[in-house]
Amino acid sequence: MGGAVLLACPEASAQGRDPAAAEALFDAGRAALQAKDYDAACPKFRESYDLDPAPGALLNLADCEEKRGRVATAWSIFRQLARDLPANDDRRPIAQSRAAALEARVPRLTIRLAPGAPADTAVQRAGVPVGAGSLDSPLPVDPGEVQVTAAAPGRKQKIFTVQLAEGAQIELLVAPEEAAAAAAAAGAGPALPPKAAPQEAGGSPRRTAGWISAGVGAVGIGLGAVFGARAIGKKGDAEAYCDEDNVCQDQGIKLQKQGVTAGTISTVAFLVGAAALGTGAVLVFTAPSSGQGSPAPRATIGVVPGGAVATVVF
């Protein structure tokens, strides 16, 4: 799809007219239009008008173009009819009404030369030259994909593709390819692989994982120490409620059980912490050097009623 159509005026020369063929094409166009075969109907109305520029063929052509989505083309034809038909022609108000209804649906494309573009840049839209008078003006264009090209002496042509929806208002800056870019494209050797981006300081994933593992290990050992001390304390507290034969009151039995639980947690925490600490040490010392890094993560432990909270801070 391209831009709005420009049609011959009804006062065009009679040379090349064929009223009989125009009538046959008009009838064929009407049949295709009623069958909703717009792609077949529209060219027939256009050829009918070319062979015999009758307003009826033009009115049907505009109606057909609107139905197949070429709203800018239909709008321009209805405007032409509204301007050219006699004031007493019943079709004139129809054309005026249809043109007014279509105006808001017509996309408009403004093409401008980009800053730095050569003054002699040749611009084309859908293969049609865009002159200096058309640049910087919002021109009606049929919806769909529009291709715009820009070229200049000594500069390679550049192609721009724009997708226009109904009612869209789009500005497009165009310029030919840069001279340096064109020369480089013509004489450049084989492309080199991109250089690897420098690694961020302290950004070795292996080293980071090592520090995290070591931090978890330190926390585990700390938890083991905390619950080990708690187990010893509970055992000492229970002795006050037990006799020499280790027969204990209910409170003593309860304290002994709490001591056993704390001892189990302490043992597990020590084992997990030692394993994590060892793994972290291996990862840190075998990670590739990354230069001056950020501070290592810090592992902290906080004791709360009924347990402890571990935090790793980066």
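These numbers were taken from a predicted model, which means no experiment stands behind them.

Close contact between helix α1 (residues 19–34) and helix α3 (residues 55–67) brings their axes to 11 Å; oriented N to C, the two are set at 30 degrees. It follows that α1 is roughly parallel to α3 by the angle criterion. For the element pair α1 and α3, the recorded crossing hand is left-handed. Contacts between α1 and α3 pair F26, R30 and L33 from the former with G56, A57, N60, D63, C64 and K67 from the latter. Split by residue class, the contact of α1 with α3 holds 4 nonpolar, 2 polar and 3 charged.

Averaged over every residue, the pLDDT of the protein chain is 78; residues scoring 70 or more account for 63%. Of the regions scoring below 50 in pLDDT, residues 1–14 engages in 38 contacts with residues more than four places distant in sequence or in other chains. When the criterion is pLDDT under 50, residues 196–202 qualifies, and its contacts beyond four places in sequence or with other chains add up to 11 contacts.

Bringing the packing of aromatic side chains into the picture now. Two aromatic rings, taken as a pair, are described by how far apart their centres are and by the angle between their planes. Tallied over the full model, the rule gives 1 aromatic pair. Over the face of the ring belonging to W75 we find R108, whose NZ or CZ atom lies 5.3 Å from the ring centre.

With that out of the way, let us pick up the packing of α3 against helix α4 (residues 71–84). In a packed pair of helices, the relevant descriptors are the angle between the two axes and the axis-to-axis distance. Direction vectors running N to C along α3 and α4 enclose 155 degrees, while the axes themselves pass 8 Å from each other. Taken together, the axes of α3 and α4 lie roughly antiparallel to each other. Pair α3 / α4 crosses with left-handed handedness. Across from P55, L58, L59, L61, A62, D63, E65 and E66 in α3, the residues of α4 making contact are T73, A74, I77, F78, Q80 and L81. Each residue belonging to the contact of α3 with α4 can be placed in one class, and the counts come to 9 nonpolar, 2 polar and 3 charged.

Let us now look at α1. Taking 1.5 Å as the rise per residue, α1 with 16 residues should run 22 Å; its terminal C-alpha atoms sit 22 Å apart, in good agreement. Of the residues making up α1, those classed as buried are A22, L25, G29, A32 and L33. All buried residues of α1 lie within an arc of 95 degrees about the axis, which places them on one face of the element. Away from the buried face of α1 by more than 90 degrees, exposed residues A20 and Q34 are located. Turning to α1, the residues buried within the fold contact α2 (38–51) and α3.

Moving on: the environment of A24. Among the structural elements, A24 can be located in helix α1. The exposure class assigned to A24 is partly exposed, which follows from its relative accessible area of 48%.

Moving on: the sheet that holds strand β7 (residues 169–174). In space, the 3 strands of this open sheet follow the order β4-β1-β7, with mixed pairing throughout. Sheet topology places β4 (138–140) and β7 at the edges, where each strand pairs with a single neighbour. Between one strand axis and the next, the sheet turns through 30 degrees on average, direction left out of account. Relative to β4, strand β1 (residues 108–113) is paired through 3 bridges, and the arrangement is antiparallel. What sits directly across from T110, in β4, is P138.

Turning to the nonpolar core, a few remarks are in order. Note on soluble globular proteins: their nonpolar side chains tend to be buried together. By size, the foremost hydrophobic cluster in this structure holds 26 residues, and its most contacted members are C64, F78 and L81. Looking at this core element by element, the count peaks at 8 residues for α4. Those residues within four positions of L81 in sequence are excluded, and the remaining contacts are P55, L58, L59 and A95.

Take the state of the cysteines next. Going through the model one piece at a time under the given rule, you end up with 1 disulfide. The residue that forms a disulfide with C42 is C64, at a sulfur-sulfur distance of 2.1 Å. Here the disulfide of C42 and C64 is left-handed, its torsion about the S-S bond being about -105 degrees. Pair noted here: C42 is in helix α2 and C64 is in helix α3, with a separation of 22 residues, a long-range link. Grouping residues by exposure puts C42 and C64 together as buried.

Attention shifts here to unusual backbone geometry. Phi is positive for K36, close to 60 degrees, though the residue is something other than glycine. Mapped onto the elements, K36 comes out in the loop between α1 and α2. Positive phi, close to 70 degrees, is recorded for D136, a residue that is not glycine. If you trace the backbone, D136 turns up in the loop between β3 (128–130) and β4.

What counts, and at which threshold
Residues numbered from 1 in each chain as written. Predicted model: local features only at pLDDT ≥ 70, side-chain atom pairs only at ≥ 80, totals over all residues. Heavy atoms only, no water. Axes fitted to C-alpha atoms, helices over the stretch in contact; angles between N-to-C directions. Helix = DSSP H or I, 4+ residues; strand = E, 2+ residues; numbered from the N terminus. Parallel < 35°, antiparallel > 145°, perpendicular 65-115°, else oblique. Left-handed = near helix turned anticlockwise from the far one by under 90°. Contact = heavy atoms within 4.5 Å. Nonpolar A, V, L, I, M, F, W, Y, C, P; charged D, E, K, R; others polar. pLDDT = per-residue confidence, 0-100. Phe/Tyr/Trp six-rings, centres within 6.5 Å; stacked < 30°, edge-to-face > 60°. Lys NZ or Arg CZ within 6 Å of the ring centre and 35° of its normal. Expected span 1.5 Å × (residues − 1). Buried < 20%, exposed > 50% of the residue type's maximum accessible area, 1.4 Å probe, protein only. Arc of directions from axis to C-beta. Pairing = 2+ DSSP bridges. Core = buried A, V, L, I, M, F, W, Y, C linked by side-chain atoms within 4.5 Å. Disulfide = S-S within 2.5 Å.

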